[in-house]
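Structural features, examined
What follows is the residue order along each chain.
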Amino acid sequence: MIAPTPPAPDVVVGRSARMRAVFEFLRVIGTSESTVLITGESGTGKEVTATLIHQGSRRRHRPFVAVSCALFSESLIESELFGHERGAFTGAIKDRPGRFEMADGGTLFLDDIDDVPLSMQVKLLRVLQNRTIERLGGTRTVPVNVRIIAGSKKNLQQMVADGKFREDLFYRLNVLPLTLPPLRERREDIPALMDYFIERYYRRKGDDVPPISEAVRQAFLRYRWPGNVRELENACERIAQMCSCGTVGIGCVAASVLLQSDGPLPELPAAAAPPPAEPPVFESAPTPAPPSLSQDAPISLDDRMRELEASLIGWALKVSHGNKSRAAELLQIKRSTLGDRINRCGLGHAASSAHDEHRVPTVAST
Amino acid sequence: MVTTERVEAVLARVRPFIQADGGNIELIAVEGNSAAVRLTGRCAGCASAHMTLYLGVEMALREQMPEFGTLRLR
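Residues numbered from 1 in each chain as written. Chains lettered and ligands numbered in written order. Predicted model: local features only at pLDDT ≥ 70, side-chain atom pairs only at ≥ 80, totals over all residues.

1. Section: unusual backbone geometry
Counted only if it meets this: By definition, any uninterrupted DSSP run of H or I lasting at least four residues is a helix, any uninterrupted run of E lasting at least two residues is a strand, and each is numbered from the N terminus.
With a phi close to 55 degrees, Arg131(A) is a non-glycine residue in the positive phi region. By secondary structure assignment, the location of Arg131(A) is in the loop between α5 (118–130) and β7 (132–134).

Quick look at the structure:
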């Protein structure tokens, strides 16, 4: 059985269909050890999600190490990831373990994997395949036990098609693919996110949380949020720092939010309508996020079918509270077939904990 | 060329929000390449609101009209 998750340093807020699918994915992959590839625009919460996956895994008491592969020059990435021995290069005055070693036994989050140069991708692939590293300038082969989560801003499959990303590395990473929706595609979550961040930053200041005027809410709902949740969080922090009027008014909102320059205001979706109460059970069957691909980009039918299969199996296991015979009935397949499919999808561990509702790391709006 | 119409077009983008909060932003005059506006309503007395709107609107005006001079609040 799984112990309650320790308090999360951060939470993911949202009850939109897109986010419910994400939570469903997190729950289904549960204690899986497989590699996860998180794709999402800047600011959509890739690292937060990676932390949640780590905390839901059996590695949660071991280190979570996040490293951005975009931060370092090509030669530095290698030293950063694999470490170096004293004297490996000028300035290497002592042995230094790399991020792989620091994450030993835990989870390594390789963010901005789309920025890794091709030459480095070969080395990364070898490490992921052999699960051993060699420090720069070292001769010793060090075995490492890390669970990999990769983060990408761009669609890696498209990059493979364009010859910018190695196909073999892509398949090595794309075991459990997760797409985080941009904020503009889940506008109905904006009010809850606003309330959450406004409250957080006023409380951090030690002040009472003021009400927010309707005009401010409208402005936030209509803005496109190119920087996604991170931008919205910053806008809320700014309000908390600037506004002491008793009610948050339009004057405290950054003018860029009011004055978005890209043409007419986008149509508001059902955002104004009250959010549905509890969704009926079947609606919570995870609909895999539609491929966020440009129109003529190739998509792998097999991969999509696998995702769909995994999410439907996850749904059946949830509804049946982890009872596989019942789940098999729901899916109208044989019990033994279900077992095979579960193993094939790498959901083996998730199945046994499918009814651990408390592990869904979510804060729903009220 | 800075005209009343072009300045109004920019103001029209923020005005609905300010009006929804019970205030307004009015164009008083266009003088050469500069313009003067008046802010009314709840936010009118707030220094930080002045700064926000003033800087934001001036920036937007300059984006539309690179020759735009200064925005004055009255």
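Following the structure, the description resumes.
2. Some thoughts on the interface of chain A and chain B
Operational definition: Any two residues are considered in contact once their C-beta atoms, placed from the backbone, lie within 7 Å. Only Asp, Glu, Lys and Arg are considered charged, only Ala, Val, Leu, Ile, Met, Phe, Trp, Tyr, Cys and Pro nonpolar, and every remaining residue, Gly among them, polar.
Between chain A and chain B, the contact holds 18 residues from the first and 18 residues from the second. Put simply, the parts of the chain that give the side of chain A that touches chain B at least two residues each are α9 (214–222) and α11 (255–258) of chain A. A per-element tally of the side of chain A that touches chain B places α9(A) first, with four residues. Considered class by class, the residues forming the side of chain A that touches chain B number 11 nonpolar, six polar and one charged.

3. Some points on the confidence of the model for chain A
Interpretation of the predicted coordinates at a detailed level should be avoided for regions scoring low in pLDDT. All names here are of chain A. So the rule is basically this: Values of pLDDT, which run from 0 to 100, indicate the predictor's confidence residue by residue.
On average, chain A scores 79 in pLDDT, and the residues at 70 or more come to 78%. Across residues 1–9, where pLDDT falls below 50, the model places 13 contacts with residues more than four positions away in sequence or in other chains. Counted against residues more than four places away or in other chains, residues 261–295, with its pLDDT under 50, gives 44 contacts.

4. Remarks on the sheet that holds strand β1 (residues 24–31) of chain B
Residues and elements named next belong to chain B. Cut-off, in case you're wondering: In this scheme, strands are said to pair when DSSP sees at least two bridges between them. Lines fitted to C-alpha atoms define the axes, with helix axes restricted to the stretch in contact, and inter-axis angles between N-to-C directions lie between 0 and 180 degrees.
Across the sheet, which stays open at both edges, the three strands sit in the order β1-β2-β3 with mixed pairing between neighbours. The open sheet terminates on both sides in strands that have one partner only, identified here as β1 and β3 (71–73). Averaged over all pairs of adjacent strands, the angle between strand axes in this sheet comes to 30 degrees, irrespective of strand direction. The pairing of β1 with strand β2 (residues 34–40) spans seven bridges and is classified as antiparallel.

5. Side note on the pairing of strand β6 (residues 107–111) of chain A
All names here are of chain A. In plain terms, the rule: With C-beta atoms placed from the backbone, the exposure class of a residue follows from how many other C-beta atoms lie within 10 Å of its own: 20 or more, buried; 12 or fewer, exposed; in between, partly exposed.
Within β6, five of the five residues are buried, leaving the element largely enclosed by the surrounding structure. With burial as the criterion, each face of β6 is covered, one bearing Thr107, Phe109 and Asp111 and the other bearing Leu108 and Leu110. The pairing of strand β3 (residues 64–68) with β6 spans five bridges and is parallel. For Val67, the partnering residue across the bridge sits in β6 and is Leu110. As paired elements, β6 and strand β9 (residues 147–152) share four bridges and run parallel to each other. Bridging across to β9, Leu108 finds its partner in Ile148.

6. Some words on the environment of Phe220(A)
Residues and elements named next belong to chain A. Tracing the backbone through its elements, the reader meets Phe220 in helix α9. C-alpha of Phe220 to C-alpha of Leu232: the two residues are 12 residues apart in sequence and 8.3 Å apart in space. If sequence neighbours within four positions are ignored, Phe220 has contacts with Ile190, Met194 and Val257.

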